[in-house]
Amino acid sequence: MLPTGYVAHRTGDRVRLRIPARKGDTAYFARVEQELAACGRVGFVEANPLTASILLHYSGTEDDLRRDAVDLGLFTIEAIPPAANPALNAAAARIDQIDRMIQRSSNGSFDLLEVAFVGLVGASIVQALRGQALGPASTLMAHALAILALHRSRRERG
């Protein structure tokens, strides 16, 4: 029986597949990479067993990809990715709701990411003034900088 995968995303001819059941299986992903590289519709392929993903440039349709993967004896493709953790989905939905509320309240001037950044920087300063510069202050500042990096990457993409 072939493992089941799904298309994580596709942009033009660039496709990322995930095959969660084979995560960490180096030999399997090496074989997938080798077999797909020989396929006529594949211009580039790179498999990563640590993330259970395959990145490829594919010139056919998704149906062609399904057929090629099965014909090569590699995997089947489901139309829908496996369900994520419902508790995490609920938490993410609530956070998205708070973010939208902040954006509406500020007329789009700032969002939850910016509020979190300012809050973490402020908490870091308070902890540093209390003499806790190497413990809580540095941890809070590190989290603030991670948010800043995320904000910058989103700004560059969008």
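Residues numbered from 1 in each chain as written. Predicted model: local features only at pLDDT ≥ 70, side-chain atom pairs only at ≥ 80, totals over all residues. Heavy atoms only, no water.

Student: I'd love a proper account of the overall build of the protein, names of residues and values included.
Tutor: Looking only at helices and strands, one finds 5 helices and 5 strands in the protein. The secondary structure elements of the protein, listed N-terminal to C-terminal, are β-β-α-β-β-α-β-α-α-α. Relative to a compact globule of 158 residues, whose C-alpha radius of gyration would be 15 Å, the protein shows 22 Å and is clearly more extended. By its C-alpha atoms, the protein is 65 × 35 × 30 Å across when sized along the principal axes. Relative to its 158 residues, the protein shows a buried fraction of 27%. When contacts within the protein are restricted to residue pairs at least 6 apart in sequence, long-range pairs at least 24 apart make up 49% of them. Here the protein displays about 10100 Å² of accessible surface, and carbon together with sulfur accounts for 58% of that area. Distance from the positive charge centre (18 side chains) to the negative charge centre (16 side chains) of the protein: 8 Å. (Helix = DSSP H or I, 4+ residues; strand = E, 2+ residues; numbered from the N terminus. Rg over C-alpha atoms; globule rule 2.2 N^0.38 Å. Buried < 20%, exposed > 50% of the residue type's maximum accessible area, 1.4 Å probe, protein only. Contact = heavy atoms within 4.5 Å. Areas by Shrake-Rupley, 256 points an atom, 1.4 Å probe, with all protein chains shown as cover. Lys, Arg positive; Asp, Glu negative; His and termini not counted. Charge placed at Lys NZ, Arg CZ, Asp CG, Glu CD.)

Student: Describe the pattern of salt bridges, naming the residues involved and giving the relevant values.
Tutor: Counted according to the given criterion, the structure contains 6 salt bridges. For Glu-62, the salt bridge is made with Arg-66, and the minimal N-O distance between the two is 3.5 Å. Placement of both Glu-62 and Arg-66 in helix 2 (residues 62–71) is noted, with a separation of 4 residues, approximately one turn of the helix. Here Glu-62 falls in the partly exposed class, since its relative accessible area comes to 29%. (Salt bridge = Lys/Arg side-chain N within 4 Å of Asp/Glu carboxyl O.)

Student: Describe the nonpolar core, with residues and values.
Tutor: One finds Leu-17, Leu-36, Ile-54, Leu-56 and Phe-75 to be the most contacted residues of the largest nonpolar core, which totals 21 residues. Secondary-structure elements contributing two or more residues to this core are strand 2 (14–18), helix 1 (26–37), strand 3 (42–48), strand 4 (53–58) and helix 2. Among the elements that make up this core, the one with the highest residue count is helix 1 (4 residues). (Core = buried A, V, L, I, M, F, W, Y, C linked by side-chain atoms within 4.5 Å.)

Student: For the side chain of Asp-68, give the residues involved together with the corresponding values.
Tutor: Assignment of secondary structure puts Asp-68 in helix 2. A distance of 2.5 Å separates a polar atom in the side chain of Asp-68 from a polar atom in the side chain of Tyr-58. Apart from residues lying up to four places away in sequence, Asp-68 is in contact with Cys-39, Arg-41 and Tyr-58. (Polar contact = N/O pair within 3.5 Å; in protein donor to acceptor, adjacent residues only side chain to side chain.)

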